[in-house]
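# Structure at a glance
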Amino acid sequence: MELAASIFASLDEPEAFDYNTLMRGHASGGRDLAAALRLYVAMLEAGVVPDNYTFPFVLKACAQLAASQQGRQLQGHVVKLRLQRDEHVQNSLISFYGKCGDADTARLVFDRMDADERTTASRSALLASYTRAGLWAQCIESFGAMVREGWRPDESSMVSSLSACAHLGAYDVGRSVHGALLRNATTLNTVMATSLVDMYAKCGSIEKAAAVFDAAEHKNAWTYSAMVSGLVLHGDGRKALQVFDAMVREGHAPDAVVYVGVLNACSRAGLLDDGLRCFDRMRLEHKVLPNTQHYGCMVDLMARAGRLDDALALIGSMPTGPTDTAWRCLLNACRIHGDLELAGRALRELRRLGAANAGDYVIVADMNARAKNWDAAAALRTEAADRGLAQAPGFSAVKVRGEVHLFVSQDMSHPRTRDIYEMLHQMEWQLRFDGYRLDTSELALDVDEEEKRRVVAAHSQKLAMAFGLLSTPEGAPVRIVTNLRISKECHAYSALISEIFGREIVVRDRNRFHRFRRVVCTCRNYW
């Protein structure tokens, strides 16, 4: 670039082509984005009129600099020069607004294009805008429209749609994208293979994720990282460590992101010694400096294993100082091990950091309620309400024939409510025949046992499960998503239902997947 700039400086009257060439050099790979913008200003000051090849380079620089105001000014220049109908300029504007997080304006630019002006590239830029803004449903909807209108999606479009499927758990759509890939390509490149591994894992099918991973001819660090994270999500810590070891043997240097997955694997599977060894290996062998996420994983690992004092000492020794993540990990472990005193301290620290949320208050309040400290439990719930901390209502959802059905506890609003409760009664009758009794020990309510059993019997997850069993073909898996942490009672219930009805029950709670097959869950009862 230094030589290119010196040659450019020697030109007596550089033209638009010369400016464009040097701007492209500065913008490529993010070499010197500010220099690209300065060159554009110099171009205007020299009286050289920008053309349709100028703006893609300058808008790319603005996008990478998040220079929203300058990019909008460039759009004004585009209109003044009557270049707003140029395909390359339009696509660059969509991409610019998308990378600046303004998906609405990106969509506005796209909608202002005539039908014959829209290309695969413009649609791909719009999909990327939606994924960056976290508008997953809009991304899938636009991808479907693209296919219905006869456009052949490119790699970027498919990566965006697979990312949206992964976040929404849209297994059927993701599988369709995979099918389209197989029809249009003999082999999958590394980017597509990594996206498929991530999508299948997050949609609950770790076997398909593993099949894509094993079949991939070329794997990079991101591919291994996606597989490790997927196995963590499904509770297979041992397998995650094996994949990590294979990654190191293949010569891929693990980074901080990969080690977050590895330490999470040890925490979720209760592999205390392996986790301690990986933490040392990260620092000493691979020279990765631990960040707050790594310390949070280690606190979670120690605390879940019952070493609460060691976890507390580690929080105190964190170089960055204690974080809300570390205290929240300790709080969750206190719930598991029933340490009410330490749970109270963790909540006080979270309040001191200004990071306490409704869920933190609920954990400690419920622990007090189970200890029959009703006044303390009520005081905590009142304090949370006074602080304006409202917990989102618990729900469970099941997808049947492309439609999502949402349930809350004691739900009576579904059109098939009578059928669902009849199915629920049949399920409970079968369980009682096998000697199962409802477990109300985790229900922190000051009511009699009969009322507790009534509440537990119509839990949102059980209603979703009953509807799923009613509405899906015999032998098909039932896939449930819930925003709750799965309880011991629902866990045992789901395991037995999977055996009695001969179904695979897949439950994604707010932390991970639980897959029940013939009484056995993939978490091995450690979660």
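What you see is a predicted model; the values in this text were computed from it and never measured.

Bringing the packing of aromatic side chains into the picture now. Geometrically, a pair of aromatic rings is defined through the distance of the ring centres and the angle of the planes. Following the criterion strictly, the structure yields nine aromatic pairs and no others. With a centroid separation of 5.0 Å and 75° between ring planes, the pair formed by F8 and Y19 is classed as edge-to-face. Taken together, the positions of F8 in helix α1 (residues 2-9) and Y19 in helix α2 (residues 16-27) put the pair eleven residues apart, joining distant regions of the chain. The class for F8 is buried, based on a relative accessible area of 15%. The residue whose ring lies beneath R118 is F110, and the NZ or CZ to ring-centre distance is 4.5 Å. For the cation-ring pair, K219 lies above F213, with the distance from its terminal atom to the ring centre recorded as 5.0 Å.

Another point: the packing of helix α22 (residues 358-370) against helix α23 (residues 374-386). Running from amino to carboxyl end, α22 crosses α23 at an angle of 165°, the nearest separation of the two axes being 7 Å. In terms of their interaxial angle, α22 and α23 are classed as roughly antiparallel. α23 is crossed by α22, and the crossing has left-handed handedness. Contacts from Y361, V362, V364, A365, D366, N368 and A369 in α22 reach W374, A376, A377, L380, R381, E383 and A384 in α23. Partitioned by chemical class, the residues of the contact of α22 with α23 number ten nonpolar, one polar and three charged.

The UniProt record marks residues 15-50, 119-153, 220-254 and 255-289 with the feature "repeat: PPR" (unreviewed entry), using the residue numbering of this structure. Counting secondary structure, residues 255-289 comes out at 77% helix and 0% strand; the distance between its end C-alpha atoms is 10 Å.

How each quantity is defined
- Residues numbered from 1 in each chain as written.
- Predicted model: local features only at pLDDT ≥ 70, side-chain atom pairs only at ≥ 80, totals over all residues.
- Heavy atoms only, no water.
- Phe/Tyr/Trp six-rings, centres within 6.5 Å; stacked < 30°, edge-to-face > 60°.
- Helix = DSSP H or I, 4+ residues; strand = E, 2+ residues; numbered from the N terminus.
- Buried < 20%, exposed > 50% of the residue type's maximum accessible area, 1.4 Å probe, protein only.
- Lys NZ or Arg CZ within 6 Å of the ring centre and 35° of its normal.
- Axes fitted to C-alpha atoms, helices over the stretch in contact; angles between N-to-C directions.
- Parallel < 35°, antiparallel > 145°, perpendicular 65-115°, else oblique.
- Left-handed = near helix turned anticlockwise from the far one by under 90°.
- Contact = heavy atoms within 4.5 Å.
- Nonpolar A, V, L, I, M, F, W, Y, C, P; charged D, E, K, R; others polar.
- UniProt positions renumbered as here; feature names shortened; annotations may be inferred.

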